[in-house]
Structure formats: structure tokens, C-alpha cells
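Summary of structural features
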Amino acid sequence: MTKTNAGRFFEDYTIGQVIEHAVPRTVGQGERALYHALYPARHALYSSDAFAQSCGLAASPLDDLAAFHVVFGKTVPDVSLNARANLGYAEGRWIKPVWPGDTLRSTSEVIGLKQNSNGKTGVVWVRTRGYNQKDECVLDYVRWVMVKKRDLEAKAPETVVPDLKSALDVSDLVIPEGLDFTNYDFTLAGEPHRWGDYEVGEVIDHVDGVTVEEAEHMMATRLWQNTSKVHFDGTQREDGKRLIYGGHVISMARTLSFNGLANAQMIAGLNAGAHANPCFSGDTIRAWTEVLDKAETGAPGVGALRLRLVATKSGEAGQLKGDDGKYLPGVLLDLDYWALIPV
């Protein structure tokens, strides 16, 4: 008998299965400091208690993507330990701010299964929810992963592909209680651009780039307690390379977007996301954003922008797919999200 855990394989999942993920985690100011050390994160609302208080919040919450990474990391041993790839995201909502001192845990429900035609892998869809110590849901999202089979002869499950929204409506977004941008300080935030300054179809080149190093992505992946083998064990891939955690690319691209979107302070919704091509140590990540939509919210002074954030290692801003409809080889990430910004 063995006491070690080899992780779940494709045939271990069933529709409706609910997985309670282990190891709750209490987050603190150290989490914020490490996040800001790993990424050039400069959004004022996540950097300053005083700025957050001027926007109607009790204090500066933990960065929205840091909260996402903690919730995501809990799920890896049960959902993607034996994954070949994380394929996409949908219907993500940040429901409550996460404050230093909160304790986060995660659960996932299996909502879709489809065996691939090669019979060696299958796609698993899960809806993950993150909860705080008060059992309040702070975040939920859907993701789907390609998972290896343990037994290639195992019978394929009935195919169930969930019907997911292509994008959240602004009415689906949850605006943090008390958020008020009426007296927003654009000087302290770093840029003058407000909701009305952005036009649908506009493309913003964020100019800056960051070369990914092996040490930093390994530190980030350990910080979020992400145990997926492809990020640590070079023998898991034929090329012997360790795959950069997709969340590392998301956070790097989001923080690079500060240059041009400094006032897009909070992520409120995740409409869709794809890790288009693998990222490896030595790649230089750059980013550009397309404005997809604009909407007003019911909160004072708060507008919403629907943004397509694209991370690349080559290619010009605005270039995404080829004539064949496939992502260009230099595209690493295609992320569609809603952000809250002063009007």
C-alpha cells in the first residue's frame, strides 16, 4: 500500500462531483509584498490604504489576481496535477474583496467532461469557488483543463460540455460595497485617463517588457502552492523545459498594462481566457489591450471597461491571429475581462 497521492486522472471525474480542496491559507501583508516583488504592480488602490479609503473602502485589499492565484492554487492537486494544459476560463467574478488576515479555501464542482479523440486525454470543466473564513464566497470562475488518462482502456464518460456565457453582462458584476470614485485622485493614481477617454476598438500598446527568469516563476508557483508537475519537473515534457505557470503570465501582463490603464483599478469579471502558446524562462513578455466594450455601473463615479489583454513574446500590438484563425506563435495569453475605472 502507498500513502502518497498520484492525483486524479481523467477517468476519476464524474459530472456533479464536488471536491473540497485541502490546506486553507491565511493571507497577509507579506502576500502583497511578495506579489509586488514578483510583478511591477502599481495600481494605487492595491498599494495604499489611504488611497483605498479615499475610494470608499475600509483599507487596501489584496490584489485581485493575488486572491485569484491563492484560490486557484488550492485546486491544482485535485484538478490539474496531471494536466497537460490549462485550456481556458469563463464566468469569473470577484464577489468580495480579500483583506489581509482573511483565510481562503476552495471548492470545485465538475460541470463538464469530454474525452479527446486520441483516447489518451480528456477535458474536464470545473466551477471553482473561493471562500473566506466567514464562508462568504469571494471569487468564482469556470476553467477547463486537459488531463491525462491513467488507463487508456478506461471507458469514455458521456460527453457533457457546459453552456457558458461568452461574456458577462455588466449587471453580472459585483461592485465592492462602498466603492466610490467621485473624489478620485488622478495625480496619485499616475495617469489622467478616465472612462470617457477610452473608445471601443481602441488598441493600447503598453510598451514595456519583462524577461521571465526561472527563479521568479518558480518562486511565484510555490507562493500560490501550485503543485502542477509541468511547472517543476522538467521530465514531464518532451523538450525537458518547465512550463511557466499561466497565472504568472496573467499577472505580468496585467501589471504591464498599468502604462495606459493605470486607472483600471479593479478586475470585476473574467469573461474568457486562453493560454495560446507556452511560455518558458528567457521569454520576454509584452502586452497590449483592446477596448471591447464600455458600461456604466450603479456605483458613484464608477464605470466599467471590457478589455482584451494580450501577452506576447513577439509581434506587434493588435496582431492576434493569422488568416487560418489560429493564434500567432508569439501570442502567449488572450484574456477578456471587466475592469472598474473612474468615469
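Our subject is the structure listed above.
We now turn to the structure provided with this report. (Residues numbered from 1 in each chain as written. Predicted model: local features only at pLDDT ≥ 70, side-chain atom pairs only at ≥ 80, totals over all residues. Heavy atoms only, no water.)

Its identity is not glycine, yet Asp135 carries a phi of approximately 60 degrees, on the positive side. Tracing the chain through its elements places Asp135 in the loop between strand 5 (121-131) and strand 6 (137-148). A positive phi angle is found at Val207, which is not glycine, with a value near 70 degrees. In this structure, Val207 sits in strand 7 (residues 203-211). (Helix = DSSP H or I, 4+ residues; strand = E, 2+ residues; numbered from the N terminus.)

This brings us to the packing of aromatic side chains. What the rule picks out here adds up to 10 aromatic pairs. Look at Phe181 and Tyr184: their rings are 5.2 Å apart centre to centre, the planes differ by 70 degrees, and that puts the pair in the edge-to-face class. Each of the two residues, Phe181 as well as Tyr184, counts as buried. Between the aromatic rings of Tyr184 and Phe186, the centroid separation amounts to 4.7 Å while the plane-to-plane angle is 65 degrees, which identifies the pairing as edge-to-face. The buried category is assigned to Tyr184, whose relative accessible area is 8%. Residue classification places Phe186 among the buried positions, given a relative accessible area of 18%. (Phe/Tyr/Trp six-rings, centres within 6.5 Å; stacked < 30°, edge-to-face > 60°. Buried < 20%, exposed > 50% of the residue type's maximum accessible area, 1.4 Å probe, protein only.)

Right, let's talk about the side chain of Thr255 for a bit. Turning to its location among the elements, Thr255 is positioned in helix 6 (residues 246-256). A polar side-chain atom of Thr255 sits 3.0 Å from the main-chain carbonyl oxygen of Met252. Once residues lying within four places of it in the same chain are set aside, the contact partners of Thr255 are Tyr39, Pro40 and Ala41. (Polar contact = N/O pair within 3.5 Å; in protein donor to acceptor, adjacent residues only side chain to side chain. Contact = heavy atoms within 4.5 Å.)

A few words now on the side chain of Ser257. Tracing the backbone shows Ser257 in the loop between helix 6 and helix 7 (258-261). A polar contact is formed between the side chain of Ser257 and the backbone oxygen of Arg254, at a distance of 2.5 Å. Not counting residues up to four positions away in its chain, the partners in contact with Ser257 are His206, Ala262, Thr289, Leu309 and Tyr337.

A separate point is the packing of helix 3 (residues 64-79) against helix 6. Between two packed helices, what matters for the description is the angle formed by their axes and the separation of those axes. For the pair helix 3 and helix 6, interaxial distance at closest approach is 11 Å and the crossing angle is 175 degrees. It follows that helix 3 is roughly antiparallel to helix 6 by the angle criterion. Between helix 3 and helix 6, the residues in contact are Asp64, Leu65 and His69 and Gly247, Ile250, Ser251 and Arg254, respectively. Considered class by class, the residues forming the contact of helix 3 with helix 6 number two nonpolar, three polar and two charged. (Axes fitted to C-alpha atoms, helices over the stretch in contact; angles between N-to-C directions. Parallel < 35°, antiparallel > 145°, perpendicular 65-115°, else oblique. Nonpolar A, V, L, I, M, F, W, Y, C, P; charged D, E, K, R; others polar.)

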